[in-house]
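Fold and contact review
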Amino acid sequence: MKIKESPSRIIFRIVNVIIMILLAFVCLAPLLHVFFASISDPILLTQYKGGIILWPLYDATHPITGMGYTFVLGNAQLIRGYANTFYYVAAGAILSVLLCSLGGYCVSRRNTLWMRYLTLMMTFTMFFGGGMIPTYMVNKWLGIVNTRWVMVLMGLVSVFNIIIVRTAFQAIPASLEESAQLDGAGHMTILFRITFPLAKATIAVITLFYAVGKWNDYFTAAIYLLDRKLYPLQLILREIIVQDSGQNVFDAGESANNFSQYKKLLNYSTVIFATLPILCVYPFVQKYFVKGVMIGSIKG
Amino acid sequence: MNKHTLKKDWIHNRSVYLLAVPIFVYFVIWNYIPMVGVALAFEEYSARGGFVFSQWVGLQHFADFFSSYYLWRLLRNTVLLSLLSLVINFPAPIILALLLNELQNELFKKIIQTISYMPYFVSTVVICGIIVDFLGYNGAFTSVLVKLGLAENKNLLTIKSYFRPVYVLSGTWQGIGYGSIIYLAALSGVDQELYEAARIDGANRWQQTWHVTLPGIAPTVIIMLIMQIGSLLSSSTDKIILLYNNQTLEVADTIGTFVYRRGLIQGDYGYSTAVGLFNSFVNLMLLFTANSLSRKYSETSLF
């Protein structure tokens, strides 16, 4: 049975669809601008003052160019930044997942006297912390400032992720573990052979939360790193596109005069170069994020 | 608990406790030692004396801060930026979720959702880089404003009155889609029979939204609100550092950025720790207040 719709309802529907399309445009427009600008002619681009670019700028004598990307891909500092970021994300993700699942496993154990105090101890840190300076002092005391260690160790364990893991582990029937225990399995065996495989989706969720956060983070590096060789991609990006000091990065073979001509093109190409991986991956992993937000929101 | 249960627990669970050691150590080193480290706030830190032997100055740093010219400016900016974000960026995802919920074509809805999550995955540096570019001289946004006769062609980020809207609206851009996820989940949990009943009682669409949908997602909204209020005194330091400059310091400098500058750049550890501690303390108070108010009036609470 189809109920006939009132005119006001139909108008609402149409307006709603228009609002949604506008929203999608607003979300996409800045990146479309950056993309089309990155393949535009550098001279037209430098002179341009016509608002948002939704089509590459070119004409008969100034064709579309991939020059920006040639420079970016040939730049040793950017490539090293990429490599460093990969290292920090990969090493951090492995350790983070290991520690968070260990933590989640421990606090999901029923019938222990002390584990709820560990939960309490962790939850408290969500609301109160020492702050930036004391944390910095601790790292200095440990001697890991300006090393790769600090990049891997900072933010390694998140209470939020542990709670997500705990929720997943608690959903696994206790009988499964009990029968394994009767067969003589220890905690390590239970964790890696039973709980881990059964909570695969949740493990994927926390890995992605961590990886995306780490990929995008520049602040930890800004606080703790001085050595340019250790810089992650985001810190080099900051230099190029925010601090307007691209000449520090693109110095090889470019005279100062030439650089100002290509500056805009290089900025745009660098943004696309740095953002493309995550833009390609996120549509496929977004369902895990949705799942993560939902598990995390369950009061617990 | 007596000795007997303690012993039994140890025999039973010692391997669990052993497994918990790494995580316990992590929290002690990077969360609890820094909490002890806030004692720096009561010391005049010197490199020679270190943490333990530096001179104890009591509440001197706090007194300095409360009587300083910065107190009002930092408090005002921090609270204003958070409040504006709260007023605009808190309801925005709820409205988006309600509108998405009204879409009938599943594929269209899916596409819009996917696109709206996209900005969340773009890094702070890239977002601020795009803002710097768009609002700069001849920038895409500046050009549009110039054409409309609303601004002159110059770097808009150096103009004080632009800073707050830029900070808040770029936050909306980044967070609206991702923030709507949780409300969409809450919406799908609203009992469909309630709509049926409301229709039978003659409620129109607006009335259904007011009397069924909103009460249905209210607990989720309240929990999210409490968490937001708990962080009222913390704004995105990393983002502000990328966007502010000497010309906008008056409206852009917050407690977080001040601690970063005074502490890490200038090395004034004691004073900046005191300011940071004050900040954490107020946040904690706000969280507890919001939580107990909510428990009293809506029977929903975080803890």
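Residue indices follow the written sequence of each chain, beginning from 1 at its first position. Chain labels run from A onward and ligand labels from 1 onward, assigned in the order the entries are written. Side-chain atom pairs in this predicted model are given and counted only at pLDDT of 80 or more, local residue features only at pLDDT of at least 70, and totals for whole chains, interfaces and linings cover all residues. As a convention, hydrogens and water are excluded, and side-chain values are obtained from all of the structure's heavy atoms.

Looking only at helices and strands, one finds 15 helices and two strands in chain B. Taken against the 2.2 N^0.38 rule, which gives 19 Å for 303 residues, the C-alpha radius of gyration of chain B at 25 Å runs more than 25% over that of a compact globule. Across its three principal directions, the C-alpha atoms of chain B cover 75 × 75 × 35 Å. The burial tally for chain B puts 51% of its 303 residues in the buried class. Considering only contacts within chain B whose residues lie at least 6 apart along the sequence, 62% involve residues at least 24 apart. Accessible surface area values rest on a Shrake-Rupley calculation with a 1.4 Å probe, where residue burial reflects the displayed protein chains alone. About 15000 Å² of surface is accessible on chain B, with carbon and sulfur atoms providing 64% of the total. Measuring between centres, the 20 positive side-chain charges of chain B sit 6 Å from its 17 negative side-chain charges. Helix and strand assignments come from DSSP, with helices taken as H or I runs of at least 4 residues and strands as E runs of at least 2, each series counted from the N terminus. The atom set for the radius of gyration is the C-alpha atoms, and the globule formula is 2.2 Å times the number of residues raised to the power 0.38. In this scheme, a residue with accessible area under 20% of its type's maximum is buried, one over 50% is exposed, and one in between is partly exposed, where area comes from a 1.4 Å probe on protein chains only. What makes two residues a contact is simply this: any of their non-hydrogen atoms within 4.5 Å. Counting rule applied: Lys, Arg positive; Asp, Glu negative; His and chain ends not counted. Charged side chains are reduced to one point each, which is NZ for Lys, CZ for Arg, CG for Asp and CD for Glu.

Quick look at the interface of chain B and chain A now. Each partner contributes to the interface: chain B provides 85 residues, whereas chain A provides 90 residues. Buried area between chain B and chain A, summed over both chains or domains, comes out near 8000 Å², and the portion from carbon and sulfur atoms is 77%. The three residues of chain B that bury the most area against chain A are Leu19(B), Trp30(B) and Phe121(B), which together make up 10% of that side's buried surface. Put simply, a salt bridge is a Lys or Arg side-chain nitrogen that is within 4 Å of an Asp or Glu carboxyl oxygen. Between Glu102(B) and Arg9(A) there is a salt bridge, with its nearest N and O atoms 2.8 Å apart. Buried area: the accessible area, evaluated with a 1.4 Å probe, that two parts lose upon being put together, summed over both parts.

A word on the domain arrangement of chain A. Residue and element names in this part refer to chain A. What counts as a domain boundary in this text is fixed by an automatic or database domain assignment. The domain boundaries assigned to chain A delineate domain 1 (1–65) and domain 2 (69–300). Taken over C-alpha atoms, the centre of domain 1 sits 33 Å from the centre of domain 2. The interface is formed by 12 residues belonging to domain 1 together with 10 residues belonging to domain 2. Of the roughly 990 Å² buried where domain 1 meets domain 2, counting both sides, 76% is carbon and sulfur surface. The largest share of the area that domain 1 buries against domain 2 comes from Val34, Ser38 and Pro42, three residues that together contribute 42% of it. Scanning the region where domain 1 abuts domain 2 turns up zero salt bridges.

Topologically, Gly263(B) is positioned in helix α14 (residues 255–265). C-alpha separation for the pair Gly263(B) and Ile112(B), spaced 151 residues apart in sequence, amounts to 44 Å.

This next bit is on the pattern of salt bridges. All names here are of chain B. Counted according to the given criterion, the structure contains 10 salt bridges over all chains. Glutamate 250 serves as the salt-bridge partner of arginine 73, at 3.6 Å between the closest nitrogen and oxygen. With arginine 73 in helix α4 (residues 70–89) and glutamate 250 in helix α13 (residues 249–252), the pair connects residues that are 177 residues apart, well separated along the chain. A salt bridge links aspartate 253 to arginine 261; its shortest N-O distance comes to 2.7 Å.

It is worth spelling out the domain arrangement of chain B at this point. All names here are of chain B. Once the domains are mapped, chain B shows domain 1 (3–56) and domain 2 (70–298). Across the contact, seven residues belong to domain 1 and five residues belong to domain 2. Taking both sides of the interface into account, the surface hidden between domain 1 and domain 2 amounts to around 480 Å²; carbon and sulfur atoms contribute 82%. Summed over the shared surface of domain 1 and domain 2, the number is zero salt bridges. Under this definition, polar contacts are N or O atom pairs within 3.5 Å; protein pairs additionally need one hydrogen-donor-capable and one acceptor-capable atom, and for neighbouring residues in sequence, both atoms have to be side-chain atoms. At the boundary of domain 1 with domain 2, the tally comes to zero residue pairs in polar contact (both at pLDDT 80 or more). Counted by class, the side of domain 1 that touches domain 2 contains five nonpolar, one polar and one charged residues. Classes in brief: Ala, Val, Leu, Ile, Met, Phe, Trp, Tyr, Cys and Pro nonpolar; Asp, Glu, Lys and Arg charged; the others, Gly included, polar.

Below, the discussion takes up helix α4 (residues 76–108) of chain A. The end-to-end C-alpha separation of α4(A) is 47 Å, in line with the 48 Å expected for 33 residues at 1.5 Å each. Its side-chain oxygen placed 3.0 Å from the backbone nitrogen of Gln77(A), Asn75(A) serves as the N-cap of α4(A). Helices are assigned an expected span. That span is 1.5 Å times one less than the residue count.

Of note in the backbone geometry, Asn146(A) takes a positive phi value of approximately 65 degrees without being a glycine. Along the chain, Asn146(A) falls in the loop between α6 (132–142) and α7 (148–153). Under the relative-accessibility criterion, Asn146(A) is labelled partly exposed at 26%. For Asn138(B), which is not glycine, the phi torsion reads 65 degrees and is therefore positive. Mapped onto the elements of the fold, Asn138(B) is located in the loop between α7 (124–134) and α8 (140–147).

Moving on to the packing of helix α6 (residues 106–117) of chain B against helix α9 (residues 160–188) of chain B. Residues and elements named next belong to chain B. Look at α6 against α9: their axes get within 7 Å of each other, and the N-to-C directions meet at 130 degrees. As the angle between them shows, α6 and α9 are arranged oblique. Along the contact surface, α6 presents Gln113, Ser116 and Tyr117, while α9 presents Gly177, Tyr178, Ile181 and Leu184. Looking at the contact of α6 with α9 residue by residue, the classes come out as four nonpolar, three polar and no charged. Lines fitted to the C-alpha atoms define the axes, with helices restricted to the stretch that makes contact. Angles between their N-to-C directions range from 0 to 180 degrees. Each angle is binned into one of four classes, with values under 35 degrees roughly parallel, values over 145 roughly antiparallel, values of 65 to 115 roughly perpendicular, and all other values oblique.

With that settled, the discussion passes to empty space enclosed by the protein. Left-over empty space is what a probe sized like a water molecule reveals as it rolls over the atoms. For each structure, a 1 Å grid was placed over the protein atoms alone; sets of points admitting a 1.4 Å probe that cannot get out are labelled cavities, open sets with protein on both sides within 12 Å along at least five of seven lines are labelled pockets, and lining residues have an atom within 4 Å of a point. Grid points are joined across faces, edges and corners, and a volume is the space filled by probe spheres set on the points. Taken as a whole, this structure holds two cavities of 30 Å³ or more when the rule is applied. Computed from the structure, the largest cavity encloses a volume of approximately 70 Å³. Forming the walls of the largest cavity are 14 residues, and the residues nearest its centre are His33(A), Tyr48(A), Lys264(A), Tyr268(A) and Asn138(B). Counting residues per element, the ones that place at least two in the lining of the largest cavity are α14 (256–297) of chain A together with α8 of chain B.

This paragraph deals with the confidence of the model for chain A. Should pLDDT be low for a region, the predicted coordinates there are not to be read in detail. On a range of 0 to 100, pLDDT expresses the predictor's confidence in each residue. Within chain A, residue pLDDT values average 87, and 95% of them lie at 70 or more. Averaged pLDDT values for the elements of chain A fall to 83 in α14(A) and rise to 96 in α7(A).

Turning our attention to the packing of α6(A) against helix α15 (residues 269–298) of chain B. Running from N to C, α6(A) and α15(B) point in directions that differ by 130 degrees, and their axes come no closer than 9 Å. The orientation of α6(A) with respect to α15(B), classified from their angle, is oblique. Only Tyr269(B), Ser272(B) and Thr273(B) of α15(B) make contact with α6(A), whose side of the interface consists of Ile133(A), Pro134(A), Tyr136(A), Met137(A) and Lys140(A).

As a further point, take the packing of aromatic side chains. Any Phe, Tyr or Trp ring, taking Trp's six-membered ring, that has another such ring centre within 6.5 Å forms a pair; planes under 30 degrees apart are called stacked, those over 60 apart edge-to-face, and the others tilted. Summed over all chains, the structure comprises 36 aromatic pairs over all chains. Both rings, one in Trp10(B) and one in Tyr17(B), keep their centres 6.3 Å apart while their planes meet at 5 degrees; by these two values the pair is stacked. Judged by relative accessible area, Tyr17(B) falls into the buried class, the value being 13%. An aromatic cluster of at least three residues, connected via ring pairs, comprises Phe160(A), Phe209(A), Tyr282(A), Phe289(A), Tyr120(B), Phe121(B) and Tyr178(B). Here the basic side chain of Arg109(A) rests over the ring of Tyr105(A), its NZ or CZ set 4.0 Å away from the ring centre. Only lysine NZ and arginine CZ atoms are considered, and such an atom sits over a ring when it is within 6 Å of the ring centre and within 35 degrees of the ring normal. The cationic tip of Arg148(A) hangs over the ring face of Tyr87(A); the distance from NZ or CZ to the ring centre is 5.0 Å.

Attention now goes to α7(B). The element α7(B) is largely enclosed, with a buried count of 10 among its 11 residues. Within α7(B) the residues assigned to the buried category are Thr124(B), Val125(B), Val126(B), Ile127(B), Cys128(B), Gly129(B), Ile130(B), Ile131(B), Asp133(B) and Phe134(B).

Glancing now at the layout of surface pockets. There is about 1400 Å³ of room inside the second largest pocket. Lining the second largest pocket are 41 residues, with Arg9(A), Asn101(B), Glu102(B), Arg205(B) and Gln208(B) positioned closest to its centre. Where the lining of the second largest pocket is concerned, the elements lending two or more residues are α1 (7–38) and α14 of chain A together with α5 (91–102), α6, α9, α10 (192–200) and α11 (205–230) of chain B. Counting residues per element, the lining of the second largest pocket draws most heavily on α11(B), at six residues. Grouping the constituent residues of the lining of the second largest pocket by class yields 19 nonpolar, 11 polar and 11 charged.

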